[in-house]
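Okay, here's what each chain looks like letter by letter:
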Amino acid sequence: MKKTISLKSESLRDIRTITGSALMIALAVIIDFFRIVFSNIMEISFSFLALALTGMLYGPLIGGVVGGVSDIIQYIVRPSGPFFPGFTLNNILSGVIFGLFLYKQKLTVKRITICVLIEGIITVLILTPIWLNILYGAKLFAIPRLIRFIVMLPIKVGLIYAFGRVMENQKLFEKFRAA
């Protein structure tokens, strides 16, 4: 039986959803403190993990909201360069994509790999170069960004799969989700 994903906002009224979303925003902000910055146009952050967990727990709508809010708070707490709404859009899209692929779905390496590939192609390889070109005049195609994407792919897949399995094994999905 195929499960349908609801984009209704009914779960936004549930206290568990609101609390869990706030925790995921805080987690994303805290994890972002440990980003590795190579230059103003190249950095590695692990805050994707909070967005992936949010997508698993609450779906695409709340994943997108958490992505957008966490990006704005991350910028307020630790600005790096000028604020640019394009990067907020990237975070919103990441949360939505993680929610579309991982919410109420069986976690498999294949599903997570496809999810991370699509999310990365859209945000890392297509949109981010456009935003960096607008901000800094950076090239639209940069080999270091492609290398970083390729290197980060198995790391992202492995971390999302590991954390997702722990949450499944500890029955945390049922505890965090709205009834």
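Since this is a predicted model, take the numbers as computed values, not measurements.

Rules behind the numbers
- Residues numbered from 1 in each chain as written.
- Predicted model: local features only at pLDDT ≥ 70, side-chain atom pairs only at ≥ 80, totals over all residues.
- Heavy atoms only, no water.
- Helix = DSSP H or I, 4+ residues; strand = E, 2+ residues; numbered from the N terminus.
- Expected span 1.5 Å × (residues − 1).
- Bend = angle between axes of the 7 residues up to and from the residue.
- Buried < 20%, exposed > 50% of the residue type's maximum accessible area, 1.4 Å probe, protein only.
- Lys, Arg positive; Asp, Glu negative; His and termini not counted.
- Salt bridge = Lys/Arg side-chain N within 4 Å of Asp/Glu carboxyl O.
- Contact = heavy atoms within 4.5 Å.
- UniProt positions renumbered as here; feature names shortened; annotations may be inferred.
- Patch = residues over 30% accessible without salt bridge, like charges linked within 9 Å, V, L, I, M, F, W, Y side chains within 5 Å.
- Areas by Shrake-Rupley, 256 points an atom, 1.4 Å probe, with all protein chains shown as cover.
- pLDDT = per-residue confidence, 0-100.
- Phe/Tyr/Trp six-rings, centres within 6.5 Å; stacked < 30°, edge-to-face > 60°.
- Lys NZ or Arg CZ within 6 Å of the ring centre and 35° of its normal.

Novice: Help me out: how do you make sense of helix H6 (residues 143–169) in this one?
Specialist: Along an α-helix, residues three or four positions apart point the same way, because every turn accommodates 3.6 residues. Over its 27 residues, H6 extends 39 Å from the first C-alpha to the last, a length consistent with the 39 Å expected when each residue adds 1.5 Å. A maximum bend of about 35° is found in H6 at Met152, where proline Pro154 lies one to four positions downstream. Listed in full, the buried residues belonging to H6 are Arg145, Phe149, Met152, Leu153, Lys156, Val157, Ile160, Gly164 and Met167. Phi for Lys171, located one or two positions after H6, is positive at around 60°.

Novice: Any chance you could explain the side chain of Asp71 here in plain terms?
Specialist: Tracing the sequence through the fold places Asp71 in helix H3 (residues 60–77). Here Asp71 occupies a buried position and makes no salt bridge, while the nearest side chain of opposite charge, Arg35, is found at 8.1 Å. When neighbours within four sequence positions are excluded, Asp71 is seen to be in contact with Phe83, Phe87, Thr88 and Asn91.

Novice: Before we go on, may I ask you to explain the pattern of salt bridges in this structure?
Specialist: When the charged atoms of two side chains with opposite charge come close together, those side chains can pair. One pass over the structure, following the stated rule, counts 3 salt bridges. For Asp32, the salt bridge goes to Arg35, with nearest N and O atoms at 2.8 Å. In this structure Asp32 comes out as buried when scored by relative accessible area, which is 5%. The buried category is assigned to Arg35, whose relative accessible area is 10%. Arg165 is paired through a salt bridge with Glu168; the nearest N and O atoms lie 3.2 Å apart. Placement of the pair is Arg165 and Glu168 together in helix H6, with a separation of 3 residues, close to one helical turn. Accessibility expressed as a relative area gives 28% for Arg165, which makes it partly exposed.

Novice: Please clarify how the UniProt feature "transmembrane region" (unreviewed entry) in the protein should be interpreted in this entry.
Specialist: In this numbering, the UniProt entry assigns the feature "transmembrane region" (unreviewed entry) to residues 20–38, 50–77, 83–102, 114–134 and 146–167. A helix fraction of 68% and a strand fraction of 16% characterise residues 20–38, whose end C-alpha atoms lie 32 Å from each other. With 100% helix and 0% strand, residues 114–134 has end C-alpha atoms that lie 29 Å from one another.

Novice: When you look at helix H2 (residues 48–58) in this model, what are you seeing that I'm missing?
Specialist: Of all the 11 residues making up H2, 11 are buried; the element is thus mostly covered by neighbouring parts of the structure. Within H2 the residues assigned to the buried category are Phe48, Leu49, Ala50, Leu51, Ala52, Leu53, Thr54, Gly55, Met56, Leu57 and Tyr58. Of the residues flanking the end of H2, it is Gly59, one or two places downstream, whose phi is positive at about 95°.

Novice: Got a minute to help me understand a nonpolar patch on the surface in this structure?
Specialist: Judged by side-chain polarity, Leu12, Ile30, Phe33, Phe34, Leu61, Val65, Val69, Ile72, Ile73, Ile76, Val77 and Phe83 come together as a nonpolar surface patch covering roughly 1000 Å² of accessible area. At 7 residues, H3 tops the list of elements feeding residues into the nonpolar patch. Here Ile73 is to be found in helix H3.

Novice: Mind showing me how you'd approach the confidence of the model for the protein here?
Specialist: Detailed reading of the predicted model is not advised wherever pLDDT is low. Overall, the prediction assigns the protein a mean pLDDT of 87, with 89% of residues at 70 or greater. When mean pLDDT is taken per element in the protein, helix H4 (residues 85–102) scores highest with 97 and helix H7 (residues 172–176) scores lowest with 69.

Novice: I'm lost on the packing of aromatic side chains in this one. Help?
Specialist: How two aromatic rings sit relative to each other is set out by the distance from centre to centre and by the angle between their planes. Summed over the entire model, instances satisfying the criterion amount to 4 aromatic pairs. Taken together, the ring pairs in this structure connect Phe84, Phe87 and Trp131 into an aromatic cluster. Positioned over the ring face of Phe48 is Lys156, at 5.1 Å from the centre of the ring.

Novice: It is not clear to me how unusual backbone geometry should be interpreted in this structure. Could you clarify?
Specialist: Trans is the prevailing form of peptide bonds, just as negative phi is the prevailing case for residues other than glycine. One non-glycine residue, Lys104, lies in positive phi territory at about 55°. On the secondary structure map, Lys104 appears in the loop between H4 and helix H5 (109–136). Judged by its relative accessible area of 39%, Lys104 is partly exposed.

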